[in-house]
Amino acid sequence: MGKVTIIKNGIVFNAVNKAFTKKDVYVKDDEIIAEEDIEETDLLTEWDAKGSYVAPGFIDMHVHVFENFAQIGINADKIGINQGVTTVVDAGSTGYKDYAQFKDKIINQHTTEILSLLNVSATGLVEGLDELSAPEKLMSERAWETIKASELAIVGLKARMSQSVVGNQGIRPLEHARKLADQTDTPIMVHIGSPPPPLNEILPLLKNGDIVTHAFHGKKGGILDEDGALIPEAHEALERGVKFDVGHGTSSFSYQTIKRFKENYSYPFTISTDVYEKNFEQPVGSLMDTISKLLAVGYDLEDLIESVTILPARTLSLMNYGSLEPGKKADITMFHIEKKDRELIDSHGEVMKVNQRLIPQTTWKNGKIVYQRG
Ligand SMILES: [Zn+2]
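Once a new chain begins, its residue numbering starts again from 1 and follows that chain's sequence as written. It should be noted that, the model being predicted, local features are given only for residues of pLDDT at least 70 and side-chain atom pairs only at 80 or more, the latter also being counted only at that level, while totals for whole chains, interfaces and linings use all residues. Hydrogens and waters are ignored; side-chain quantities use all the structure's heavy atoms.

For Na, K and Ca the donor cut-off is 3.2 Å, and for all other metals it is 2.8 Å, counting N, O and S atoms only; because water is absent from this set, sites may look incomplete. Binding of the zinc ion to the protein goes through His-62 (NE2), His-64 (NE2) and Asp-274 (OD), at separations of 2.0 to 2.3 Å. Counting residues between consecutive donors of the zinc ion along the chain gives the motif H-x1-H-x209-D. One end of the pair, His-64, is in the loop between β8 (58-63) and α1 (76-79); the other, Asp-274, is in the loop between α8 (255-264) and α9 (277-284), with 210 residues separating them in the sequence. Here His-64 matches Asp-274 in class, with each residue buried. Secondary structure elements follow DSSP: runs of H or I no shorter than four residues count as helices, runs of E no shorter than two count as strands, and numbering proceeds from the N terminus. Burial classes: relative accessible area under 20% of the type maximum marks a residue as buried, over 50% as exposed, and values in between as partly exposed (1.4 Å probe, protein chains only).

A word on the domain arrangement of the chain. Each assigned domain of the chain is listed with its residue range as follows: domain 1 (3-54 + 326-337 + 357-372) and domain 2 (56-315). Where a domain begins and ends is set by an automatic assignment or by a domain database. Once you take the C-alpha centre of each, domain 1 and domain 2 turn out to be 29 Å apart. Taken residue by residue, the interface counts 21 residues in domain 1 and 23 residues in domain 2. Of the roughly 2,000 Å² buried where domain 1 meets domain 2, counting both sides, 68% is carbon and sulfur surface. Computed with a 1.4 Å rolling probe, the buried area is the accessible surface lost when two parts are put together, summed over both parts. When the buried area of domain 1 at its contact with domain 2 is split by residue, Lys-18, Thr-333 and Leu-358 rank highest and sum to 29% of it. Salt bridges are counted wherever a side-chain nitrogen of Lys or Arg sits within 4 Å of a carboxyl oxygen of Asp or Glu. The interface formed by domain 1 and domain 2 holds 5 salt bridges in total. A salt bridge links Lys-18 to Glu-306; its shortest N-O distance comes to 3.4 Å. Side-chain atoms alone can form a polar contact between residues adjacent in sequence; in general such a contact is a pair of N or O atoms within 3.5 Å, and within protein one must be able to donate a hydrogen while the other accepts it. Our enumeration of links across domain 1 and domain 2 arrives at 11 residue pairs in polar contact (both at pLDDT 80 or more). Elements that contribute at least two residues to the side of domain 1 that touches domain 2 include exactly β3 (19-22), β15 (332-338), β18 (357-365) and β19 (368-372). Contacts between residues were defined by any pair of non-hydrogen atoms, one from each residue, lying within 4.5 Å.

Let us now look at the sheet that holds strand β5 (residues 31-33). Pairing in this open sheet of 4 strands is mixed, and the strands run β5-β4-β1-β6 from one edge to the other. Because the sheet does not close on itself, it has two edges, and the strands there are β5 and β6 (43-48). The mean inter-strand angle of the sheet, taken between neighbouring strand axes irrespective of direction, is 30 degrees. DSSP-based pairing: two strands are paired if at least 2 bridges between them are found. As judged from the 3 bridges shared by strand β4 (residues 25-28) and β5, these two strands associate in the antiparallel manner. Bridging across to β5, Tyr-26 finds its partner in Ile-33. Helix axes are fitted only over the stretch in contact, all axes being lines through C-alpha atoms; the angle between N-to-C directions runs from 0 to 180 degrees.

Attention now goes to the UniProt feature "modified residue: N6-carboxylysine" (unreviewed entry) in the chain. UniProt positions are given in the numbering used here, feature names are shortened, and annotations may be inferred rather than shown by experiment. When the UniProt feature table is mapped onto this chain, "modified residue: N6-carboxylysine" (unreviewed entry) is found at Lys-158. As for its placement among the helices and strands, Lys-158 is situated in strand β11 (residues 154-161). Setting aside its immediate chain neighbours within four residues, Lys-158 contacts His-62, Ala-91, Gly-92, Leu-117, Leu-118, Asn-119, Val-120, Met-189, His-191 and Thr-213.

Moving on, we get to the pairing of strand β9 (residues 85-91). For β9, a buried count of 7 out of 7 residues is recorded, marking the element as mostly surrounded by other parts of the structure. Both β8 and β9 contribute to a ladder of 4 bridges, which runs parallel. Along β9, the bridge assignment pairs Val-63 with Asp-90. Of the strand pairs in this sheet, β9 and strand β10 (residues 113-119) are connected by 5 bridges, and their pairing is parallel. Across the sheet, the residue bridging to Val-89 is Leu-115, located in β10. Looking down the strands as they point away from the viewer, one classifies a crossover as right-handed if the path from the first strand across the helix to the second runs clockwise. Chirality of the crossover, the property in question, places the unit of β9, helix α2 (residues 99-106) and β10 among those that are right-handed.

The next point concerns α2. Turning to α2, its buried residues number three or more, namely Tyr-99, Phe-102 and Ile-106. In an axial view of α2, the angular spread of the buried residues amounts to 65 degrees, which keeps them on one side of the axis. Buried residues along α2 sit in contact with β9, β10, α3 (141-150) and β11. The arc in question is the one traced by the directions running from the helix axis out to the C-beta atoms.

Attention now goes to the packing of α3 against helix α5 (residues 172-184). Between α3 and α5, the shortest axis-to-axis distance is 10 Å and the interhelical angle comes to 40 degrees. Here α5 runs oblique to α3, going by the angle between their axes. The interaxial crossing formed by α3 with α5 has right-handed handedness. Counted together, Glu-141, Trp-144, Glu-145 and Lys-148 of α3 and Lys-179, Leu-180, Ala-181, Gln-183 and Thr-184 of α5 form the full contact between these two elements. When describing relative orientation, an angle under 35 degrees is termed roughly parallel and one over 145 degrees roughly antiparallel, while 65 to 115 degrees is termed roughly perpendicular and anything else oblique. Crossing handedness is read from the near helix: turned anticlockwise from the far helix by less than a right angle, it gives a left-handed crossing, and turned clockwise, a right-handed one.

Attention now goes to the packing of aromatic side chains. Stacked, edge-to-face and tilted labels apply to pairs of Phe, Tyr and Trp rings (six-membered ring for Trp) whose centres lie within 6.5 Å, assigned for plane angles under 30 degrees, over 60, and everything in between, in that order. A full pass over the atoms with the stated rule returns 16 aromatic pairs. Arranged with centres 5.0 Å apart and planes meeting at 10 degrees, the rings of Tyr-53 and Phe-335 form a pair that is stacked. Of this pair, Tyr-53 sits in strand β7 (residues 53-56) while Phe-335 sits in strand β15, and the two are 282 residues apart along the sequence. Every member of this aromatic cluster is reached through a ring pair, and the members are Phe-216, Phe-244, Phe-261, Tyr-265, Tyr-267, Phe-269 and Tyr-299. We count a charge as sitting over a ring when the NZ of a lysine or the CZ of an arginine lies within 6 Å of the ring centre and within 35 degrees of the ring normal. Positioned above the aromatic ring of Tyr-299 is the side chain of Lys-262, whose terminal nitrogen or guanidinium carbon lies 5.4 Å from the ring centre.

What follows is the structure in C-alpha cells.
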C-alpha cells in the first residue's frame, strides 16, 4: 500500500522522443510509476495541472551557491526550486579544502539538490578569483582520489581557463585537470573566456563527455571565426563528443554568437545560468529566463527543455534524472508560458524582444511539492 498522485491535464514533456503530449503522470512516493504499477491497495489522489507544462525537474549545471564563503554566491533555493530548478551543480566555487563546509552549510541546508563540480584548485573561489595562478594552488592527485571516492555529490571537475584565473600558468592547470579526470573517469567542465590560453590549446585536451561552459560568449577568441564558422578545434571537439554549455553569467552569453551558431549548426547544447547574487537580477535572471531568451532567438521549446533535463542528466551520468519515464526520480517542473512583450538582455546589454516567457508554477522534488507560485 502506498500513496499515488495522478497528475492530470498537463502538457507533459517526454524526454525520450522530445515531444509534448497530454497525458497523466503517476507519482508514487519519490518515484514516477506506470499506470499498470498502481496496486489495488494504493491510496489515489489527483492533482490538476491544467494549463501547465509538466517537465522533468530542471537541472542547472553551472551555478554558484557557496553563499557567504566563496567570493561569489547566491542562495541555492532562490535560484533552485523557487525557479523550477530541482538540481543545481555548483561549478567550482569550492575546492577540496572547503568541501566539508560546503557540504555542511550548503548541500545539507537546502531543499534544492546541490551537486558539485569540484574546482581543480584546492581553494576554489574561496580565497580569490585567480585560483589557478600558481602550481601550488592545484589539488593533488591523492586529495582528488580520496574525496571523489567518498563524496557522491561530486560529479566532476571544474577548471576555469582564462587569463584572469590562470595568470602566467598557461595551459598547465588544464593538463593537471586532465590527469585527475582520467584517474577517476569523470568529466571536466572547462570555463572559457579571454585568452591566454587560446581555445586551440584548450579544446584538444578535452575528451568525449567533457563540457565547455560559456561556449557562446561574445569575447574575442571564441568558438566561431569571423565568418561565423566553428574554428577547427571546436568542430573537432564537438565531433568527438565534447559538450557545449551556455553558462550565461555576467559576461559570457551573446545573442550575436548564439544566432550565428544557430544559423550554421545544430549540435545540441546544455543551458545553464552561471548565476550568483550580483548577476541574478541583471543580466542573467533565472534558468527559465535564460530559456526564454533562447526561445526568442528561435530555438524550439522541445529542444530547450531537453537542454535542461535529459541532456545535463546524461552529461553528468545522473541516470535517474531528466525524464518522467517510470522508474525515474519524481522531480517535476511545472511552468506556464506567459505571452506578453518584454525585453531581456544578454551579457553585453543587447536587448531582445521576448513575447513568450517561461514562469515557474509548481516544483516537485522527490515526489513532494517544494514550491508553488503564490
Ligand atoms: Zn561560473
